Amino acid sequence: MSAPTDGTILHFENLTLGYDRHPAVHHLDYAIRAGALVAVVGPNGAGKSTLLKGTAGSLAPLEGEIRLTGIKTSDIAYLPQQSDIDRSFPISVFDMVAMGLWRKTGAFRRFGREGNRKVGEVLDIVGLGGFEKRSIGTLSGGQMQRSLFARLLLQDARLILLDEPFTAIDSATVRDLKGLIRRWHGEARTVVAVLHDLDQVRTDFPETLLLARQQIAAGPTEYVLSPANLDRARRLTEAFNEGAAVCGR
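In this report, we go over the structure that sits alongside the text. Quantities reported herein were computed from a predicted structural model and do not represent experimental measurements.

Definitions and limits used
- Residues numbered from 1 in each chain as written.
- Predicted model: local features only at pLDDT ≥ 70, side-chain atom pairs only at ≥ 80, totals over all residues.
- Heavy atoms only, no water.
- Buried < 20%, exposed > 50% of the residue type's maximum accessible area, 1.4 Å probe, protein only.
- Helix = DSSP H or I, 4+ residues; strand = E, 2+ residues; numbered from the N terminus.
- Polar contact = N/O pair within 3.5 Å; in protein donor to acceptor, adjacent residues only side chain to side chain.
- Contact = heavy atoms within 4.5 Å.
- Pairing = 2+ DSSP bridges.
- Axes fitted to C-alpha atoms, helices over the stretch in contact; angles between N-to-C directions.
- Expected span 1.5 Å × (residues − 1).
- Arc of directions from axis to C-beta.

1. So, helix H1 (residues 48–56)
Part 1 of the argument: By the criterion of burial, H1 is predominantly enclosed, with eight of the nine residues buried.
Part 2 of the argument: Within the span of H1, buried status applies to Lys48, Ser49, Thr50, Leu51, Leu52, Gly54, Thr55 and Ala56.
Part 3 of the argument: Count one or two residues on from H1 and you reach glycine 57, which has phi positive near 95°.

Dropping the structure here:
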């Protein structure tokens, strides 16, 4: 990969993403700087999760390009929605978190003493020290999200994608996970998060991309989350999907 020349780490160029040739995001042109802290917002059905899946490499563009500058796909860490994770799978908290080391060790190699130490360290950071042997199926929503953030810490990625990281978890966990996001931002990592709580976005995310299957607005959060922009996003999304939820104000 070439070195960044203008500070851009991620560029969506005339990007269209979708399923079975049906676009969920279309003709998006947007660039994200290295070290940015960006919220992606919009009504249900606006294409937010689809955009993150495309960026993570799990969904190929129908048209256009997702261009990385100065990083590789292996430098991306992706947190899906909890609803996309099979909590019934018989795996311990330790083993689930240790997956964050796979890109460094390979899926079938032992982690060794140093790997075990790192897993214990990140579990302590997220407040789950002593949970190593617990099955993920026994965790509360907040504990599960803490363990997923521990896995992200192990990945040591330069670009971190978070899909609804604060949904259906307790306020103490939200507070602690926000602290980790601020830590990543302070380390000049790039964080892109899909969020629904617009008050949260206004408080914690200086930049925002507003989608309604296409870009409505992007830039400083205060400008993007104007009543006019939110209303336009709602109307455009409802034109595609009459059941789309109204974007909160």
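2. Some thoughts on the side chain of glutamine 81
Part 1 of the argument: Tracing the backbone shows glutamine 81 in the loop between strand E5 (76–79) and helix H2 (93–98).
Part 2 of the argument: According to the relative accessible area criterion, glutamine 81 is buried, its value standing at 18%.
Part 3 of the argument: Of note is the side chain of glutamine 81, whose polar atom sits 2.9 Å from the side chain of serine 49.
Part 4 of the argument: Engagement of the side chain of glutamine 81 in a polar contact is seen with the side chain of aspartate 163, the distance being 3.4 Å.
Part 5 of the argument: Setting aside chain neighbours within four positions, we find glutamine 81 in contact with Ser49, Asp163 and Glu164.

3. Observations concerning the sheet that holds strand E8 (residues 207–211)
Part 1 of the argument: Strand order in the open sheet made by the six strands is E5-E6-E7-E3-E8-E9, with mixed pairing throughout. Of all strands in the sheet, those bounded by a partner on one side alone are E5 and strand E9 (215–220). Averaged over neighbouring strand pairs, the angle between their axes works out to 15° when direction is ignored.
Part 2 of the argument: Sitting on the sheet, helix H5 (residues 141–155) is in contact with E5 and strand E6 (159–163), with an inclination near 175° to E5.

4. A short note on helix H4 (residues 112–125)
Part 1 of the argument: If you check H4, its first and last C-alpha atoms are 20 Å apart, about what 14 residues at 1.5 Å a residue would give, namely 20 Å.
Part 2 of the argument: For H4, the complete set of buried residues consists of Gly115, Val119, Gly120, Val122 and Leu123. Around the axis of H4, the buried residues are gathered within 165° of arc, so they sit on the same side. Residues of H4 that are exposed and angled more than 90 degrees away from the buried face: Arg113 and Asp124.
Part 3 of the argument: Glycine 127 lies just past H4 and shows a positive phi near 85°.

5. Section: unusual backbone geometry
Part 1 of the argument: One non-glycine residue with positive phi stands out, namely alanine 168, at about 60°.
Part 2 of the argument: For alanine 168, the position within the fold is in the loop between E6 and helix H6 (171–186).
Part 3 of the argument: Taking relative accessible area as the criterion, alanine 168 reaches 74% and is therefore assigned exposed.
Part 4 of the argument: In this structure, arginine 213 is a non-glycine residue whose phi angle is positive, near 70°.
Part 5 of the argument: Among the secondary structure elements, arginine 213 is positioned in the loop between E8 and E9.
Part 6 of the argument: Classification of arginine 213 by relative accessible area gives buried; the value is 19%.

6. A short note on the environment of proline 80
Part 1 of the argument: The topology assignment puts proline 80 in the loop between E5 and H2.
Part 2 of the argument: Overall, the relative accessible area of 15% leaves proline 80 in the buried class.
Part 3 of the argument: Spatially, the C-alpha atom of proline 80 lies 19 Å from that of isoleucine 66, the residues being 14 residues apart in sequence.

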